[in-house]
Amino acid sequence: MHNSLLTNIILLLSLFYVAVIASPDKLPVALSVRQTSAPIDSECLTYSRTANLSTIGANSTYRSAFLQASNVGTLMNSRMLDAAIQKLPALTRDAALNKACGNLTTIALTEAERNFTMGVVAQFSGLVGNPQSIKAGPELLAIVAAVVLVFGGVWMFMP
Ligand SMILES: *[C@@H]1O[C@H](CO)[C@@H](O)[C@H](O)[C@H]1NC(C)=O
Ligand SMILES: *[C@@H]1O[C@H](CO)[C@@H](O)[C@H](O)[C@H]1NC(C)=O
Ligand SMILES: *[C@@H]1O[C@H](CO)[C@@H](O)[C@H](O)[C@H]1NC(C)=O
Ligand SMILES: *[C@@H]1O[C@H](CO)[C@@H](O)[C@H](O)[C@H]1NC(C)=O
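A quick note: this is a predicted structure, and the numbers were derived from the prediction, not measured. (Residues numbered from 1 in each chain as written. Chains lettered and ligands numbered in written order. Predicted model: local features only at pLDDT ≥ 70, side-chain atom pairs only at ≥ 80, totals over all residues. Heavy atoms only, no water.)

### What about the state of the cysteines?
Under the definition given, this model contains 1 disulfide. The partner cysteine of Cys44 in its disulfide is Cys101, sulfur to sulfur 2.0 Å. On the sign convention where negative is left-handed, the bridge of Cys44 and Cys101, at about -85° about the S-S bond, is left-handed. Of this pair, Cys44 sits in helix 3 (residues 39-58) while Cys101 sits in helix 6 (residues 95-101), and the two are 57 residues apart along the sequence. (Disulfide = S-S within 2.5 Å. Helix = DSSP H or I, 4+ residues; strand = E, 2+ residues; numbered from the N terminus.)

### Concerning the UniProt feature "transmembrane region" (unreviewed entry) in the chain
In this numbering, the UniProt entry assigns the feature "transmembrane region" (unreviewed entry) to residues 140-158. Between the C-alpha atoms that bound residues 140-158 the distance is 27 Å, and the span itself is 89% helix and 0% strand. (UniProt positions renumbered as here; feature names shortened; annotations may be inferred.)

### Structural notes on the site of ligand 3
Every residue lining ligand 3 is accounted for by Asn59, Tyr62 and Glu113. Side-chain polar atom of Asn59 to an oxygen atom of ligand 3: 2.3 Å apart, as the coordinates give it. Tyr62 is positioned with one of its side-chain polar atoms (N or O) 2.8 Å from an oxygen atom of ligand 3. The protein chains hide 40% of the 360 Å² of surface that ligand 3 would expose on its own. (Near = heavy atom within 4 Å. Polar contact = N/O pair within 3.5 Å; in protein donor to acceptor, adjacent residues only side chain to side chain. Areas by Shrake-Rupley, 256 points an atom, 1.4 Å probe, with all protein chains shown as cover.)

### Topic: the nonpolar core
Nonpolar side chains tend toward joint burial in soluble globular proteins. Leu53, Ile56, Tyr62, Ala65, Phe66, Leu67, Leu81, Ala84, Ala112, Val121, Phe124 and Leu127 form the largest nonpolar core, which has 12 residues in total. Put simply, the parts of the chain that give this core at least two residues each are helix 3, helix 4 (60-69) and helix 5 (74-93). When residues of this core are assigned to their parent elements, the largest contribution, 4 residues, is made by helix 4. Ignoring anything within four residues of it in the chain, the contact list for Leu67 reads Thr74, Asn77, Ser78 and Leu81. (Core = buried A, V, L, I, M, F, W, Y, C linked by side-chain atoms within 4.5 Å. Buried < 20%, exposed > 50% of the residue type's maximum accessible area, 1.4 Å probe, protein only. Contact = heavy atoms within 4.5 Å.)

Structure representation (structure tokens):
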């Protein structure tokens, strides 16, 4: 009896946990509700974030750099980027919003490119080049020589 109660509680808690991590969009909703005192600011912030994420999500170069740099799951990030891509066109077309905030779509496009040339994608920096590239410099000669010596030496002096 006691055992099954405990099991039920744990099950319930884990369901809540799953519900929370499975709905990352809950957070921005809660945030924007709290920020209604400054509607324009919060709308511009949403527009800005959506434009930035959409720009990153729509360009395969930025997108893969972002996904590799982020320590959040790829699935969750992909969903977030895709949601931004779907949301942006309506915001870009909204003349009033663009007047109040400036055309943040254009800003995101130019800034993402400028950021990328500096090795920055969104909040991640130091992404110059492919992080998974294979190192190939003159030091390889020494390493290969050492490998040949060790293995060759073992083979030659084998009794
Ligand atoms: C979006 O990018 C612009 C340009 O780099 C930046 O100024 C702005 O803070 C970013 N917006 C958000 C919500 O990070
Ligand atoms: C904002 O800029 C984009 C291109 O960067 C353009 O397609 C869009 O029409 C502009 N929005 C407004 C309201 O001018
Ligand atoms: C993605 O960004 C890179 C670097 O700024 C650029 O060279 C490339 O043309 C962009 N690709 C697309 C599909 O816009
Ligand atoms: C550009 O980089 C800054 C951090 O250096 C970041 O806050 C901003 O969101 C980036 N802009 C875009 C459009 O990715």
